[in-house]
Amino acid sequence: QPFCRRNVRNGGDMVKQWQREGYSLIELMIAVAISAIVLTGVLGLIGFGTKNMRMTQARVALQNQAKDAVNHISTYVMEASEVFWDETDHVLTISKDQIGLDNQVENTEQFLYWRSGDSIYFARESEVDPAALTADKKHLLVDHITGFDCEVKGNADTGREFLHVVLQLADEDIAEFECEKDISMRNQ
């Protein structure tokens, strides 16, 4: 009992006085047990929140990488005069004609996107040997790639072609993201 009543003599009269004696061992053990249960729950919530935050940050990072890669590919495909997808080597070749003042093709530039390992690389054909595409940091476009597929399709109504791009990304076992986009070629 935390409070006890004691009888104290004060000038011959008995006076009742409350006095604190302290907590018993059982009360302390119950308080520690309840505190441990509450603390375990709070720590579990913090751990759960931290894990979800890491997953969300990883997913956002993958989304940003996919968006940047698709926007880069879109920029070149929209200005392309011809697009070719090599299914076996996972190489996207984009040809862009440079038209002169006389509306004739003066020069054709080619750009390459290729997958090597878990990354996609980009270069002008004049910068790399298309027969032996190698992985280097200079040409790195995006990493964490688990899938890179393209398909050149035709629109039956307009007779124009467009490129269907599928990117799949994964960051270890934390998060995965897939992005698909149809890109029309304006300069056919």
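About the thresholds
Residues numbered from 1 in each chain as written. Predicted model: local features only at pLDDT ≥ 70, side-chain atom pairs only at ≥ 80, totals over all residues. Heavy atoms only, no water. Helix = DSSP H or I, 4+ residues; strand = E, 2+ residues; numbered from the N terminus. Polar contact = N/O pair within 3.5 Å; in protein donor to acceptor, adjacent residues only side chain to side chain. Contact = heavy atoms within 4.5 Å. Expected span 1.5 Å × (residues − 1). Buried < 20%, exposed > 50% of the residue type's maximum accessible area, 1.4 Å probe, protein only. Pairing = 2+ DSSP bridges. Core = buried A, V, L, I, M, F, W, Y, C linked by side-chain atoms within 4.5 Å. Salt bridge = Lys/Arg side-chain N within 4 Å of Asp/Glu carboxyl O. pLDDT = per-residue confidence, 0-100. Axes fitted to C-alpha atoms, helices over the stretch in contact; angles between N-to-C directions.

**Student:** I tried to follow the side chain of Ser119 on my own but got confused; where do I start?
**Tutor:** As for its position among the elements, Ser119 is in strand E6 (residues 119–124). Here the side chain of Ser119 touches Asp118 through a polar contact of 3.4 Å, side chain to side chain. Filtering out sequence-adjacent residues up to four positions away, Ser119 remains in contact with Trp114, Leu140, Val142, Asp143 and Ile145.

**Student:** Looking at this structure, I do not really get helix H1 (residues 25–78). What am I missing?
**Tutor:** Residue pairs three or four apart in sequence face the same way in an α-helix, which turns once every 3.6 residues. Spanning 54 residues, H1 covers 78 Å between terminal C-alpha atoms, matching the ideal 80 Å at 1.5 Å per step. Looking at H1, one finds that the buried residues are Ala58, Leu62, Ala66, Ala69, Val70, Ile73, Ser74 and Val77.

**Student:** What's the story with the pairing of strand E8 (residues 145–154) in this structure? I'm lost.
**Tutor:** Across a regular strand the side chains alternate sides, sitting on one face of the sheet and then on the other. By the bridge criterion, nine bridges tie E8 to strand E9 (residues 161–171) in an arrangement that is antiparallel. Within the sheet, the bridge partner assigned to Ile145 lies in E9 and is Leu169.

**Student:** Help me understand unusual backbone geometry, please; the structure alone is not making it clear to me.
**Tutor:** Across residues other than glycine, the phi torsion is negative in most instances, and most of the peptide bonds are trans. Although it is not a glycine, His90 sits at a positive phi angle of roughly 55°. Among the secondary structure elements, His90 is positioned in the loop between strand E3 (82–86) and strand E4 (91–99). Of note, His144 is a non-glycine position whose phi angle comes to about 70°, a positive value. By the secondary structure assignment, His144 is in the loop between strand E7 (140–143) and E8. Classification of His144 as partly exposed rests on a relative accessible area of 26%.

**Student:** Teacher, can you tell me more about the nonpolar core here?
**Tutor:** Most often, soluble globular proteins have nonpolar side chains that are buried together. Core analysis: the biggest nonpolar cluster contains 29 residues, and Ile73, Leu92, Phe148 and Leu167 have the highest contact counts within it. Among the secondary structure elements, those contributing two or more residues to this core are H1, E3, E4, strand E5 (105–116), E6, E8, E9 and strand E10 (175–184). For this core, the leading source of residues is H1, giving seven residues. Contact partners of Leu92, with chain neighbours within four places excluded, come to Ile73, Val83, Phe84, Trp85, Phe111, Leu112, Tyr113, Cys150 and Leu163.

**Student:** Can you help me understand the pattern of salt bridges in this one?
**Tutor:** Applying the stated criterion across every chain, the model contains one salt bridge. Where Arg124 meets Glu109, a salt bridge forms, and the shortest distance between an N and an O atom there is 3.2 Å. Placement of Arg124 in strand E6 and of Glu109 in strand E5 is noted, with a sequence separation of 15 residues between them. You can call Arg124 partly exposed: its relative accessible area is 32%. By relative accessible area, Glu109 is classed as partly exposed at 21%.

**Student:** What am I meant to see in the confidence of the model for the chain here?
**Tutor:** Segments scoring low in pLDDT should not have their predicted coordinates read at a detailed level. Of the residues in the chain, 88% have a pLDDT of 70 or more, and the chain-wide mean is 84. Mean pLDDT across the secondary structure elements of the chain bottoms out at strand E2 (residues 13–20), with 55, and peaks at H1, with 92.

**Student:** What exactly am I supposed to notice about the sheet that holds E3 here?
**Tutor:** Here five strands make up an open sheet; going across it, the order is E3-E4-E5-E6-E7 and the pairing antiparallel. Strands at the two margins of the open sheet, each flanked by one partner only, are E3 and E7. Ignoring which end each strand starts from, the neighbouring axes of this sheet average 15° apart. As paired elements, E4 and E5 share nine bridges and run antiparallel to each other. From the neighbouring strand, Leu92 faces E5, where its bridge partner is Tyr113. Of the strands in this sheet, E3, E4, E5, E6 and E7 are in contact with H1, which crosses E7 at around 140°.

**Student:** Please explain the sheet that holds E8 as it appears in this structure.
**Tutor:** For sheets, the rule is that strands pair by backbone hydrogen bonds, running either parallel or antiparallel. With respect to topology, three strands assemble into an open sheet ordered E8-E9-E10, the strand pairing being antiparallel. Sheet topology places E8 and E10 at the edges, where each strand pairs with a single neighbour. Across this sheet, the average inter-strand angle for adjacent strands is 10°, counted without regard to direction. Pairing of E9 with E10, which is carried by ten bridges, proceeds in the antiparallel orientation. Looking across to E10, one finds that Leu167 is bridged to Cys179. Running at roughly 20° to E10, H1 makes contact with E8, E9 and E10 of the sheet.

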